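# Structural features, examined
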Amino acid sequence: MTVDPAFLGRHEIRTSDAMENLGLRIGEQLRPGDLLILTGPLGAGKTTFTRGLAEGLGVRGPVQSPTFVIARTHPSLAGGAPLVHVDAYRLGSAAELDDLDIDFARSVVVIEWGRPMASAVADAWWDIEIERPVGGDDELADEDLDADAPRFVTVTRVEG
C-alpha cells in the first residue's frame, strides 16, 4: 500500500473542493494493486473524493457514480494504472464482485459500499469512511445532500 501514513486518521473536510483535493493528494500516491473501500451515506462525498483520486492518477474522466453500471474503468492518460470505480451497493456477495473480472493487480480500485467484500479480493486496503450530517432540524435535510457542510473522513489501513 503506497499512501503516506500522514493521511491516516480523521480529517474534517469543509467543502466539496476540499474533499476533491484530499482525493487528489491521495490519488497522486496510488499505484497498481491499491484498493480503497469507501463507506458513507448518500451525499457524503464518495464520488467527489473519487473525482479527486482520478485527477491525481491522471485518468480519463468524467468520474460519475457507477450506481447503475456497477463498475466504470477510467484508463490512464499518462501510461499509469487505470482507475476502476465500483459501486457494490447492489452486489449480493464477493462472488458477484469477482464476476466483474476486475484486474486488481494492474489497477487502482475504488469500491463504494464494499466493506463486506474487501477481504475476499485483497489482503490489505485503505478503508475510507465519510460521515456527513443527516436529518434533524440543525443538520442537513435530505434535499441538501450536495450542500457544502463539514464532512469527516477517517482513513485507516486494514490488513485482512
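Check the entry above for the structure.
Everything quoted here is computed from the prediction, not taken from an experiment.

## Comments concerning the overall build of the protein
Counting its regular elements, the protein contains four helices and seven strands. In the protein, the order of α-helices and β-strands from amino to carboxyl end is β-α-β-α-β-β-α-β-α-β-β. Here the protein, with 160 residues, has 43% of them falling under the buried criterion.

## Digging into unusual backbone geometry
The peptide bond linking G61 to P62 adopts the cis configuration, its omega dihedral lying at 0°. A positive phi angle is found at D101, which is not glycine, with a value near 55°. Topologically, D101 is positioned in the loop between α3 (94-98) and β5 (108-112). Accessibility expressed as a relative area gives 68% for D101, which makes it exposed.

## Here's the deal with the sheet that holds strand β2 (residues 35-39)
Read across the sheet, seven strands follow the order β1-β7-β6-β2-β5-β4-β3 without closing on themselves; strand pairing throughout is mixed. Two strands bound the open sheet, and with one partner strand each, they are β1 (9-13) and β3 (71-74). Across the sheet, the mean angle from the axis of one strand to that of its neighbour is 20°, orientation sign disregarded.

## Structural notes on the packing of aromatic side chains
The geometry of an aromatic ring pair is captured by two quantities: the separation of the ring centres and the angle between the planes. What the rule picks out here adds up to one aromatic pair. Looking at R10, its charged tip hangs above the ring of F152, at a distance of 4.2 Å from the centre.

## So, the pairing of strand β6 (residues 124-131)
The buried fraction of β6 amounts to six of the eight residues, a majority that puts the element mostly inside the structure. In this sheet, β6 lies alongside β2 in parallel orientation, the contact comprising four bridges. Within the sheet, the bridge partner assigned to L38 lies in β6 and is I128. Pairing between β6 and strand β7 (residues 151-159): eight bridges, direction antiparallel. Bridged to W125 within β7 is V158.

## Thoughts on helix α2 (residues 46-57)
An ideal rise of 1.5 Å per residue puts 16 Å on 12 residues; α2 measures up with 16 Å between its terminal C-alpha atoms. Within α2, nine of the 12 residues are buried, which leaves the element mostly enclosed by the surrounding structure. Inspection of α2 places K46, T47, T48, F49, T50, G52, L53, A54 and L57 among the buried residues, and these make up the whole buried set. On the buried face of α2, the contacting elements are α1 (16-27), β2, β4 (83-87), β5 and β6. Where α2 ends, the next residue or the one after it, G58, has phi of about 70°, a positive value.

## Some thoughts on the side chain of R132
Mapped onto the fold, R132 is located in the loop between β6 and β7. For R132, the side chain forms a polar contact with the main-chain oxygen of L42, separated by 2.8 Å.

## Description of the pattern of salt bridges
In this structure the tally under the stated criterion is six salt bridges. Across the pair R10 and E131 runs a salt bridge, and its minimum N-O distance is 3.5 Å. A residue pair is termed long-range when its members are at least 10 positions apart, and R10 in strand β1 and E131 in strand β6 qualify at 121 residues. What makes R10 exposed here is its relative accessible area of 53%. On the accessibility criterion, E131 (34% relative accessible area) is partly exposed. A salt bridge links R115 to D127; the nearest nitrogen and oxygen atoms lie 2.8 Å apart. Placement of R115 in the loop between β5 and α4 (118-121) and of D127 in strand β6 is noted, with a sequence separation of 12 residues between them. Each of R115, D127 and E129 takes part in one network of salt bridges that share partners.

What counts, and at which threshold
- Residues numbered from 1 in each chain as written.
- Predicted model: local features only at pLDDT ≥ 70, side-chain atom pairs only at ≥ 80, totals over all residues.
- Heavy atoms only, no water.
- Helix = DSSP H or I, 4+ residues; strand = E, 2+ residues; numbered from the N terminus.
- Buried < 20%, exposed > 50% of the residue type's maximum accessible area, 1.4 Å probe, protein only.
- Pairing = 2+ DSSP bridges.
- Axes fitted to C-alpha atoms, helices over the stretch in contact; angles between N-to-C directions.
- Phe/Tyr/Trp six-rings, centres within 6.5 Å; stacked < 30°, edge-to-face > 60°.
- Lys NZ or Arg CZ within 6 Å of the ring centre and 35° of its normal.
- Expected span 1.5 Å × (residues − 1).
- Contact = heavy atoms within 4.5 Å.
- Polar contact = N/O pair within 3.5 Å; in protein donor to acceptor, adjacent residues only side chain to side chain.
- Salt bridge = Lys/Arg side-chain N within 4 Å of Asp/Glu carboxyl O.

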